[in-house]
Amino acid sequence: MRIDIVTIFPEFFGVLDVSLLGKARTSGIIDVAVHDLRDFTHDRHRTVDDTPYGGGAGMVMRPEPWGEALDSIVDAGSTVIFPSPAGERFTQATARELAAEQHLVFGCGRYEGIDQRVIDYASTKATVREISLGDYVLNGGEVAVMAMIEAVGRLIPGVIGNAASLDEESHEDGLLEYPSYTKPPEWRGLEVPPVLMGGNHGAIAAWRHEQQLERTTRVRPDLLGESGVAG
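Our subject in this report is the structure included herewith. The structure presented is a predicted model; accordingly, all values stated were derived computationally and were not measured.

### So, unusual backbone geometry
Logical step 1: Residues K183 and P184 are joined by a peptide bond in cis, for which omega reads 5°.
Logical step 2: Mapping P184 onto the fold places it in the loop between α5 (142-153) and β8 (186-187).
Logical step 3: The backbone of R46 shows a phi angle near 50°, a positive value even though the residue is not glycine.
Logical step 4: Relative to the elements of secondary structure, R46 occurs in the loop between β2 (31-36) and β3 (49-50).

Below is the structure:
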């Protein structure tokens, strides 16, 4: 997969060089390029923002550098993603959809956002999705983009060593993940549930499903309706 990121803070994405995503980049499974939006400006101050038409607080990112940046990166096969609190909600299903794409372009907005004409223009060149990480506001799109790349990247074949482990994680079947335990069997007076040490795989599977239902009912009851799972 090819991933391009446009931002005014390219140093933010140095974290992509570590952990599993760093290994995936080194091995060529994921090709990531980070572009500084200011490189597409032409004034001495490398200006990327201006006051909003119609008045209001804050600044809006100008369309000219964005247009040049997108022209240099995007083609008809690209999917362009703009993080936005006004966008669709990012879910595990969204991550799986994006993991199937060949080329993702992330545009990191700042200030009061990006001139709407940039999104409209990008829509004439490629598929565009405005996506919200959650019902809150961040200072810019970089944190949201990093979270999305982490969620999407780990679903790409070859990134995670044991791909089967992905099937048992939270949200993969509409429920939260069951609790996990390892050695020792007793720690500071707390014991591993006996069913996990009994070797009965059917009983273990049933216990884990019960734990998923209990945890989801307690923490995220809204997911039960979405998944169609009854208690």
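### Re the environment of I29
Logical step 1: Checked against the element boundaries, I29 lands in the loop between α1 (19-27) and β2.
Logical step 2: Counting along the chain gives 124 residues from I29 to G153, while the straight-line C-alpha distance between them is 9.4 Å.
Logical step 3: Leave out the neighbours within four places in its chain, and I29 touches M1, A24, I156, P157, G158 and V159.

### With respect to helix α3 (residues 92-99)
Logical step 1: Among all positions in α3, only T94, A95, L98 and A99 are buried. Buried residues in α3, looked at end-on, bunch into an arc of 135°, giving them a common side.
Logical step 2: Looking at the buried residues of α3, the elements they touch are β5 (79-89), β6 (103-107), β7 (127-132) and α5.
Logical step 3: For α3, the capping residue at the N-terminal end is T91, with a side-chain oxygen 3.3 Å from the backbone nitrogen of A93.

### Re the sheet that holds β5
Logical step 1: In spatial order, the strands read β2-β1-β6-β5-β7; together these five strands make up an open sheet with parallel pairing. Every interior strand has two partners, whereas the edge strands, β2 and β7, have only one. Adjacent strand axes in the sheet meet at a mean angle of 30° when their direction is disregarded.
Logical step 2: Relative to β6, β5 runs parallel, the two being bridged by three bridges. Its bridge partner lying in β6, V80 is registered against V105.
Logical step 3: Those strands touched by α3 are β5, β6 and β7, and its axis lies near 155° from that of β7.

Here is what the cut-offs are and how they apply
Within each chain, residue numbers correspond to sequence positions counted from 1 in written order. Per-residue local features are limited, in this predicted model, to residues with pLDDT of at least 70; the limit for side-chain atom pairs, both in listing and counting, is 80 or more; totals at the level of whole chains, interfaces and linings are taken over all residues. With hydrogens and water set aside, each side-chain value is computed from the structure's full complement of heavy atoms. The helix count covers DSSP runs of H or I at least four residues long, the strand count covers runs of E at least two residues long, and both are numbered beginning at the N terminus. By definition in these notes, contact holds between two residues if any of their heavy atoms fall within 4.5 Å. Burial here depends on accessible area, computed with a 1.4 Å probe over protein chains only, as a share of the maximum for the residue type. Under 20% is buried, over 50% is exposed, and the range in between is partly exposed. Throughout, the arc means that of the directions going from the helix axis to the C-beta atoms. Here a polar contact means two N or O atoms within 3.5 Å. Within protein one must be a hydrogen donor candidate and the other an acceptor candidate, and residues neighboring in sequence count only if both atoms are side-chain atoms. Strands were regarded as paired on the criterion that DSSP finds at least two bridges between them. Angles here are taken between N-to-C directions and fall from 0 to 180 degrees, while the axes themselves are lines fitted to C-alpha atoms, restricted in helices to the stretch in contact.

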